[in-house]
Amino acid sequence: MRQNPSFAMTDVGEIRRLIDLHPWVTLVSQTDDGLVASHYAVMLDDDRDDLTIVGHVGKPDDLILGLGNRELLVIVQGPHGYITPRWYGDVAAVPTWNFVSAHLSGVPELLTPDENLRVLERLVDRFEGDGDDARGLYTLPNDAAFVERLERGTVGFRLTPMRVTAKRKLSQNRSPEVVETIIDGLTAEGRDDLAAEMRRAADARVRP
């Protein structure tokens, strides 16, 4: 992803927030047969305060990606969408696409079976939530033997990225008045996620 200093997102806390809110990522690897990509959910490593992520893939994808043997690119995609030039006023302009995205690159470390089980349990708990009817990984009719068989069909990994490129392109090159018009337009169209990210970026610009 080509970086632009005006749109660079370098704050680790903001990148962690992006990963936490958008855990469904794309995993890309270069193989002898060309590029391959898979899609999985990841989480921040709860033992770290950096950009280390943990996750798992199915064993067929592990072989395809060469997990642990070569560099892995993890693409995190946040809110994004079309921006019409109508919102710029009566000036010469073309449309654009606003977005928030991060690329994390590194060679992942393979997890032990016990570590992988803990990651699998955390993933289930995260997305099941804490409602009365939440079904955890070990909730009956699942039992330990069933879960262990499940684990053997997956490969867990931990990735501490060696390279990070994060970009928040949210009309920072436009005047505050135009940004407000864009936010209002997105809100009127029901594109609240992108509008909220633009508001967050705009508030950060004016914060002392």
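Residues numbered from 1 in each chain as written. Predicted model: local features only at pLDDT ≥ 70, side-chain atom pairs only at ≥ 80, totals over all residues. Heavy atoms only, no water.

## A few points about the overall build of the protein
Next, step 1: Along the backbone of the protein there are six helices and eight strands.
Next, step 2: Listing the helices and strands of the protein from first to last along the sequence gives α-β-β-β-α-β-β-β-α-α-β-β-α-α.
Next, step 3: Dimensions of the protein along its principal axes, counting C-alpha atoms only, are 65 × 50 × 30 Å.
Next, step 4: The buried share of the protein, taken over its 208 residues, is 44%.
Next, step 5: Of all intrachain contacts in the protein linking residues separated by at least 6 positions in sequence, the fraction that spans at least 24 positions is 71%.
Next, step 6: Of the roughly 11600 Å² of accessible surface on the protein, 52% is carried by carbon and sulfur atoms.
Next, step 7: Counting 24 positive and 34 negative side-chain charges, the protein places the averaged centre of each group 6 Å from the other. (Helix = DSSP H or I, 4+ residues; strand = E, 2+ residues; numbered from the N terminus. Buried < 20%, exposed > 50% of the residue type's maximum accessible area, 1.4 Å probe, protein only. Contact = heavy atoms within 4.5 Å. Areas by Shrake-Rupley, 256 points an atom, 1.4 Å probe, with all protein chains shown as cover. Lys, Arg positive; Asp, Glu negative; His and termini not counted. Charge placed at Lys NZ, Arg CZ, Asp CG, Glu CD.)

## Comments concerning the pairing of strand β7 (residues 154-159)
Next, step 1: Counting buried positions along β7 yields six of six residues, so the element is predominantly enclosed.
Next, step 2: The two faces of β7 match: Thr154, Gly156 and Arg158 on one face and Val155, Phe157 and Leu159 on the other face are all buried.
Next, step 3: Of the pairings in the sheet, the one linking strand β3 (residues 53-58) to β7 comprises six bridges and is antiparallel in character. When the bridges of β7 are listed, Ile53 appears paired with Leu159.
Next, step 4: As paired elements, strand β6 (residues 109-110) and β7 share two bridges and run antiparallel to each other. (Pairing = 2+ DSSP bridges.)

## Thoughts on the packing of aromatic side chains
Next, step 1: Under the counting rule described, the total for this entry stands at one aromatic pair.
Next, step 2: Geometrically, the ring pair formed by Tyr82 and Trp97 is edge-to-face, given 6.3 Å between the ring centres and 65° between the ring planes. Here Trp97 lies in strand β5 (residues 96-106) and Tyr82 lies in strand β4 (residues 72-83), a separation of 15 residues in the sequence.
Next, step 3: A relative accessible area of 36% places Tyr82 in the partly exposed class. (Phe/Tyr/Trp six-rings, centres within 6.5 Å; stacked < 30°, edge-to-face > 60°.)

## Comments concerning the environment of Arg163
Next, step 1: With respect to the helices, strands and loops of the structure, Arg163 is situated in strand β8 (residues 163-169).
Next, step 2: Excluding anything up to four places from it in sequence, Arg163 contacts Glu71, His103, Leu104 and Ser105.
Next, step 3: At a separation of 2.6 Å, a polar atom in the side chain of Arg163 contacts the side chain of Glu71. (Polar contact = N/O pair within 3.5 Å; in protein donor to acceptor, adjacent residues only side chain to side chain.)

## A short note on the sheet that holds β6
Next, step 1: On the basis of which strands lie adjacent, the open sheet formed by eight strands has the order β6-β7-β3-β2-β1-β4-β5-β8 and antiparallel pairing. The sheet terminates laterally at β6 and β8, the two strands that pair on one side only.

## Observations regarding helix α1 (residues 12-21)
In an α-helix there are 3.6 residues to a turn, and that puts residues three or four apart on one side.
Next, step 1: Among the residues of α1, those classed as buried are Glu14, Ile15, Leu18 and Ile19. All buried residues of α1 fall inside an arc of 140° around its axis, so they share one side.
Next, step 2: With a side-chain oxygen lying 3.0 Å from the backbone nitrogen of Gly13, the N-terminal cap of α1 falls on Asp11. (Arc of directions from axis to C-beta.)

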